[in-house]
Amino acid sequence: MAFFNGYRPQQILGLTAASGSTADFAYGELGVASYAYELGTEFFQNCNFFESNILEQNIASMFYAAKVARTPYQTPSGPDITDIGLPTNAVLPGNQTINLSLQADGTRFSTVTDSTSPLENPRQVGGVNVYFNALPWADAATTTATADDGAFDSTQESASASFNISGVGPGRYTIFTEAVGSDSQTGAVSASFLHVLDPALAGTVSGQVLVAGSQTGVPDALVSAGGFQATTDGQGQFTLPLPAGSHDIMATTAEAATPAMNITVTAGQTQNLNLEIPGRCDVFMDDMEGGTNGWTTTGNWALTTEQANSPTNSWHDSPGGNYPDNSNTSLISPVIDLSQGSQARLYFNHICDTEDGFDFGIVEVSTNGSSWSEVYRCDNQMAWEEQRIDVPALDGAATAQFRFRLSTDVTQTDNGWFIDDVRLNISGAQCQPDDLDIILQDGFEL
Ligand SMILES: [Ca+2]
Ligand SMILES: [Ca+2]
Ligand SMILES: [Ca+2]
Ligand SMILES: [Ca+2]
């Protein structure tokens, strides 16, 4: 569970003695394995901060806790299935093969209880099993996957499995899959739906996902309508059977999304649909090597060569020493026009060398230069790291700004906050297809 949120796993006594808690009751009276997540940075957390930071950091861990609840002391040491690839989760009935591509990962298990040390004790993946519409422990028929590189002999493996659905009638089915360690310990069960549609009541949408304004197909894009979805192939092509009727269809990549509204699907017919994905572009970018570049500051913020992510400069709140107590100083971005921008996202690299739990680096955004909303905070982070923060509050803002504010308490100081390689990245009409900086998805650049 700690793999997902980076929190430190420990007995509750390691933090504070708390007898009579719900953990005591659940374990003592009911024998239920019991955990508490100590969430957040304050007892009364700001709701926006909770939703944009704490929830995002923890939801995957909580899903995992639910997935291993049946055998919580055993299952987590087995390898996990990290991806179930299905070309489409909706098909028409018939004698056909369903192909799955699966990723298994044994590196998430660790006995390290110190959140800053590397994980250790990875588990070797010994196999991957697939079960059609039955849980593994329900005497289900097993389909054994094969390792894509020929052998299950390492801690991370790609595997493929296929099974035939001849004779399977219309309905919604569940494909369960689990990885097995080389020590025979099975990991958490993961699942995906397979919809077998009634051919008398279903049609098909088929087409291509393209980079806007081009003929370039987008591979591995998700095309979805409600719970029905297909993934594009290497040329951006997809085929998605859907129930007859009107559908809002969405094409999504890691970086952008585009809808096609009110598409009518007619039973027994195939309809062509191409979807154009808008590009993304940087509207602001600074590696701190070209002077102040429109930034303004309060307090002692200055360009420094003490530390840098890109050689040789970064911004720093307190050059030449530690920050003072009771600091409240900011590095403020220039005003940026995002009136035609959407899905705004802020990237920056930083060292946040502050007193753990008491002094904070805080990122805030504003659309008017006077009221600011917190979107991120850090403390006690001693090495350079890149942060990516979705900042939807800036979408469409004609006068968008963000700032890095150092806030410290009454005692104990540290070196402070270093900021480098900042960029503000958006989607939407502001990014024209002929823009040289369009980035469609990681590793795919025009
Ligand atoms: Ca292998
Ligand atoms: Ca730099
Ligand atoms: Ca302090
Ligand atoms: Ca300093």
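Values in this document were obtained by computation on a predicted structure and should not be read as measured data. (Residues numbered from 1 in each chain as written. Chains lettered and ligands numbered in written order. Predicted model: local features only at pLDDT ≥ 70, side-chain atom pairs only at ≥ 80, totals over all residues.)

Here's the deal with the overall build of the protein chain
Working step 1: Of regular secondary structure, the protein chain possesses three helices and 30 strands.
Working step 2: On the principal axes, the C-alpha backbone points of the protein chain span a range of 75 × 60 × 40 Å.
Working step 3: Here the protein chain, with 446 residues, has 32% of them falling under the buried criterion.
Working step 4: When contacts within the protein chain are restricted to residue pairs at least 6 apart in sequence, long-range pairs at least 24 apart make up 69% of them. (Helix = DSSP H or I, 4+ residues; strand = E, 2+ residues; numbered from the N terminus. Buried ≥ 20, exposed ≤ 12 C-beta atoms within 10 Å, placed from the backbone. Contact = placed C-beta atoms within 7 Å.)

Things to note about the domain arrangement of the protein chain
Working step 1: Here the domain parsing of the protein chain yields domain 1 (2–67), domain 2 (77–196), domain 3 (200–278) and domain 4 (282–427).
Working step 2: For domain 1 and domain 3, the distance between their C-alpha centroids amounts to 39 Å. (Domains from an automatic or database assignment.)

Focus: helix α2 (residues 22–30)
Working step 1: Counting buried residues in α2 gives zero out of nine residues, a small share hidden from the surface.
Working step 2: Two residues or fewer past α2, Gly31 is found with a positive phi of approximately 75 degrees.

Concerning the sheet that holds strand β27 (residues 401–407)
Working step 1: Strand order in this open sheet of five strands is β19-β22-β27-β24-β25, and the pairing throughout is antiparallel. Since the sheet does not close on itself, it has two edges, and those belong to β19 (296–297) and β25 (373–378), each with one partner. (Pairing = 2+ DSSP bridges.)

Points about unusual backbone geometry
Working step 1: Cis geometry marks the peptide bond from Pro311 to Thr312; its omega dihedral reads 0 degrees.
Working step 2: Relative to the helices and strands, Thr312 is located in the loop between β20 (302–304) and β21 (314–316).
Working step 3: Phi is positive for Asn326, close to 55 degrees, though the residue is something other than glycine.
Working step 4: Assessed through the 10 C-beta atoms surrounding it within 10 Å, Asn326 is described here as exposed.

Section: the sheet that holds strand β5 (residues 143–144)
Working step 1: Pairing is mixed in the open sheet, where five strands are placed in the order β2-β9-β8-β4-β5. Sheet topology places β2 (90–91) and β5 at the edges, where each strand pairs with a single neighbour.
Working step 2: Relative to strand β8 (residues 171–181), strand β4 (residues 125–132) runs antiparallel, the two sharing seven bridges. Each residue of the ladder has a partner; that of Val125, found in β8, is Gly181.

Points about the pairing of strand β15 (residues 257–265)
Working step 1: In this sheet, β15 lies alongside strand β14 (residues 245–252) in antiparallel orientation, the contact comprising seven bridges. Across the sheet, residue Met250 finds its bridge partner in β15, namely Pro259.
Working step 2: The antiparallel hairpin formed by β14 and β15 contains four residues in its connecting segment.

With respect to the nonpolar core
Working step 1: Core analysis: the biggest nonpolar cluster contains 45 residues, and Leu102, Ala104, Val209, Val223, Leu240, Leu242 and Ile277 have the highest contact counts within it.
Working step 2: Looking at this core, the element that brings in the most residues is strand β10 (residues 202–211), giving five residues.
Working step 3: When residues no more than four places from it in sequence are discounted, the contact partners of Val209 are Gly217, Val218, Ala221, Val223, Thr232, Gly236, Phe238, Ala251, Leu275 and Ile277.
Working step 4: Listed in part, the 34 residues of the second largest apolar core include Leu338, Val391, Phe418 and Ile426. (Core = buried A, V, L, I, M, F, W, Y, C linked by C-beta atoms within 7 Å.)

Focus on the confidence of the model for the protein chain
As a general rule, the predicted coordinates of low-pLDDT regions are not to be interpreted in detail.
Working step 1: Scored by pLDDT, the protein chain comes out at a mean of 91, with 96% of its residues at no less than 70.
Working step 2: Ignoring residues within four places in sequence, the model shows residues 433–446, a span with pLDDT below 50, making 32 contacts including any to other chains. (pLDDT = per-residue confidence, 0-100.)

A word on the environment of Thr304
Working step 1: Looking at where Thr304 falls in the secondary structure, it is placed in strand β20.
Working step 2: Separated by 13 residues in sequence, Thr304 and Asp317 have C-alpha atoms that sit 9.4 Å apart.
Working step 3: When neighbours within four sequence positions are excluded, Thr304 is seen to be in contact with Asn313, Ser314, His316 and Pro319.

Thoughts on the environment of Leu303
Working step 1: Looking at the secondary structure, you find Leu303 in strand β20.
Working step 2: Separated by twelve residues in sequence, Leu303 and Trp315 place their C-alpha atoms 4.4 Å apart.
Working step 3: Here Leu303 is in contact with Met288, Asn313 and Trp315, once residues within four sequence places are set aside.

Observations regarding the environment of Pro87
Working step 1: With respect to the element layout, Pro87 can be found in the loop between β1 (80–85) and β2.
Working step 2: Beyond its immediate chain neighbours, meaning those up to four positions away, Pro87 contacts Asn99, Ala230 and Thr231.

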